[in-house]
Amino acid sequence: MEALIVSNILLWALLIALAFAVMGLVRQIGVLHSRLAPAGALMVDKGVAVNEPAPQVTAADRNGRPVNFGYASGKAQLLFFLSPTCPICKSLLPAIKSIAKQQADRLDVVYVSDGDMDAQQALIREHKLEDATYVVGPEVGMTYQIGKLPYAALIDQNGILRSKGLVNSREHLDSLFEAEHLGSATLQQYLHGHAHAHDHGHDTPHSHA
């Protein structure tokens, strides 16, 4: 009986120690997370270079109306490449819609997809994209050499491709705009250039697409 009591006491002591250890780890993870820079969109090194004129192409939207891509206009243009069979694409649609609403005065959002029209129409109905510019066809994806989804590209009002990349979170989408403001192809590139300049005693970071 005495041995059983001692073993129970030891087990409780071990359990309490383990609980404190877990709490310590959770706190350290929280501190580490707060120090980490946001992960930017992953830019696949293919297709047109960032900070160069975007490919100019015209394609019909789902209603047969022509949509111009890469031409100079009064607004920037965000291309969001998606598919009805892509769960991550669907999860990002609320964020894309929010960006379109918040930046409507300076940004046109264009949804670009390909494949079965019935599936496209179901996606449009489900996510209430009836009023959005929605292009269905291979022309734009082939021109911009899109291989994986979801993918986004940001073109400024002068027709210059400012940032691009695979996106699977709102954070990745935001990094496209952050990279545009910083003059870098991706947020990671800016951070890398900033660290490199700091190591060499430079006051201003320089980065190239």
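For the structure, see preceding data.
Below: a short report on this structure.

Basis of the calculations
- Residues numbered from 1 in each chain as written.
- Predicted model: local features only at pLDDT ≥ 70, side-chain atom pairs only at ≥ 80, totals over all residues.
- Heavy atoms only, no water.
- Helix = DSSP H or I, 4+ residues; strand = E, 2+ residues; numbered from the N terminus.
- Buried < 20%, exposed > 50% of the residue type's maximum accessible area, 1.4 Å probe, protein only.
- Contact = heavy atoms within 4.5 Å.
- Areas by Shrake-Rupley, 256 points an atom, 1.4 Å probe, with all protein chains shown as cover.
- Pairing = 2+ DSSP bridges.
- Phe/Tyr/Trp six-rings, centres within 6.5 Å; stacked < 30°, edge-to-face > 60°.
- 1 Å grid on protein atoms, 1.4 Å probe; cavity = no way out; pocket = protein on both sides within 12 Å on 5 of 7 lines; lining within 4 Å.
- Points joined across faces, edges and corners; volume = space filled by probe spheres on them.
- Nonpolar A, V, L, I, M, F, W, Y, C, P; charged D, E, K, R; others polar.

Considerations on the overall build of the protein
Scanning the protein from N- to C-terminus turns up six helices and eight strands. Classification of the 209 residues of the protein by burial places 37% in the buried group. In the protein, the share of contacts with a sequence separation of at least 24, taken over all contacts with a separation of at least 6, comes to 62%. Of the roughly 12,400 Å² that the protein leaves accessible, carbon and sulfur atoms contribute 58%.

Here's the deal with the pairing of strand S8 (residues 160–166)
With respect to burial, S8 is a largely interior element, six of its seven residues being buried. Judged from the two bridges that link them, strand S1 (residues 52–53) and S8 form a sheet pairing that is antiparallel. Bridge assignment links Glu-52 to a residue of S8, and that residue is Leu-161. Looking at chain direction, strand S7 (residues 151–155) and S8 are connected through five bridges and run antiparallel.

Focus: the packing of aromatic side chains
Applying the stated criterion across every chain, the model contains three aromatic pairs. Site record: aromatic cluster; members linked through ring pairs are Phe-80, Tyr-111 and Tyr-134.

Describing the layout of surface pockets
Here the largest pocket defines a volume of roughly 420 Å³. As for the largest pocket, its lining consists of 23 residues, of which Leu-107, Asp-108, Val-109, Val-110 and Thr-133 are closest to the centre. Contributing elements (two or more residues each) for the lining of the largest pocket: strand S3 (66–69), strand S4 (76–81), helix H2 (87–102) and strand S5 (107–113). Take the lining of the largest pocket: its biggest share by element is five residues, from S5. Tallied by class, residues from the lining of the largest pocket come to 11 nonpolar, five polar and seven charged. By volume, the second largest pocket amounts to about 180 Å³.

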